[in-house]
Amino acid sequence: MPQSRNERFARIADQLGHSFEGEMKIGGNYVPAVQNDLEIYVSGQIPRIDNTVRVTGRVGAQTSLEQARHGAQISTMRALAILRQMLDGDLERIRRILRINVYVQSAEDFTQQSEVADGASEVLYSVFGEAGVHTRTSVGVYQLPKNASVEIDMVVALQP
């Protein structure tokens, strides 16, 4: 019997060594996600676990590509945890991941933003299969909140 999306989510959380249970804290006067009809827009998520940003610094200088990919995975799992909370724990209600934007705090000569973003895309495919295949933009930026190496936002479509 194939695993449910929630079971695959839990397996990835175990592999990453972090719990994504409980409320995902946000740091400002906004909401973590907004539903508009059958779409949900998730605010940018950094690789924070509890109160600690786990992957910080410029990728290609203070932070390696592999560390940044790990940060992208954590950020994606945070976004999915927010979606689970909104959907009463039921990731099966998501029809498709439509789009993600991946922001990478990059060293001047770092050009592998898409390889960092692959960490996020792999998580989404692992949880959702073909429904996790999405459009994506990955960009290098000068700075991110809390010195995070990566920030990810996403748009998902719900089942009618």
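Residues numbered from 1 in each chain as written. Predicted model: local features only at pLDDT ≥ 70, side-chain atom pairs only at ≥ 80, totals over all residues. Heavy atoms only, no water.

For the protein chain, the name recorded in an unreviewed UniProt entry is RidA family protein, with Pseudomonas vanderleydeniana as its organism.

Draft legend 1. Structural context of the UniProt feature "domain: Endoribonuclease L-PSP/chorismate mutase-like" (unreviewed entry) in the protein chain. Under the UniProt annotation, the feature "domain: Endoribonuclease L-PSP/chorismate mutase-like" (unreviewed entry) is placed at residues 28-148. Along residues 28-148 one finds 31% helix and 28% strand; the C-alpha atoms at either end are 16 Å apart. (UniProt positions renumbered as here; feature names shortened; annotations may be inferred. Helix = DSSP H or I, 4+ residues; strand = E, 2+ residues; numbered from the N terminus.)

Draft legend 2. Quick look at the pairing of strand β5 (residues 94-105). As paired elements, β5 and strand β7 (residues 150-158) share nine bridges and run antiparallel to each other. Bridge assignment links I97 to a residue of β7, and that residue is V156. As defined by bridge partners, β5 adjoins strand β6 (residues 135-141) across seven bridges and the pair is classed as parallel. Residue N101 lies in a different strand from β6, and its bridge partner there is T137. (Pairing = 2+ DSSP bridges.)

Draft legend 3. Structural context of the sheet that holds strand β1 (residues 33-36). Here we have five strands laid out as an open sheet, ordered β1-β2-β7-β5-β6, and mixed in their pairing. Each edge of the open sheet is held by one strand with a lone partner, namely β1 and β6. Neighbour to neighbour, the strand axes of the sheet diverge by 15° on average, direction disregarded. Note that strand β2 (residues 39-45) and β7 share five bridges and pair antiparallel. Bridging from a neighbouring strand, Q45 pairs with I152 of β7. Set on the sheet, helix α2 (residues 65-86) makes contact with β1, β2, β5 and β7; between it and β7 the angle comes to about 40°. (Axes fitted to C-alpha atoms, helices over the stretch in contact; angles between N-to-C directions. Contact = heavy atoms within 4.5 Å.)

Draft legend 4. Structural context of helix α1 (residues 5-16). Taking 1.5 Å of rise per residue, the twelve residues of α1 would be expected to cover 16 Å, and the 16 Å separating its terminal C-alpha atoms lies within 8% of that figure. Within α1 the residues assigned to the buried category are R5, R8, F9, I12, A13 and L16. Down the axis of α1, the smallest arc covering the buried residues is 140°, so these residues share one side. On its buried face, α1 sits against α2, β5 and α3 (113-128). Phi turns positive, to about 80°, at G17, one or two residues after α1. (Expected span 1.5 Å × (residues − 1). Buried < 20%, exposed > 50% of the residue type's maximum accessible area, 1.4 Å probe, protein only. Arc of directions from axis to C-beta.)

Draft legend 5. Structural detail: α2. Compared with the 32 Å implied by 1.5 Å per residue over 22 residues, the 32 Å span of α2 between its first and last C-alpha is a close match. Most of α2 sits inside the fold, with 16 of its 22 residues counted as buried. Looking one or two places after α2, you find D88, whose phi comes out positive at around 55°.

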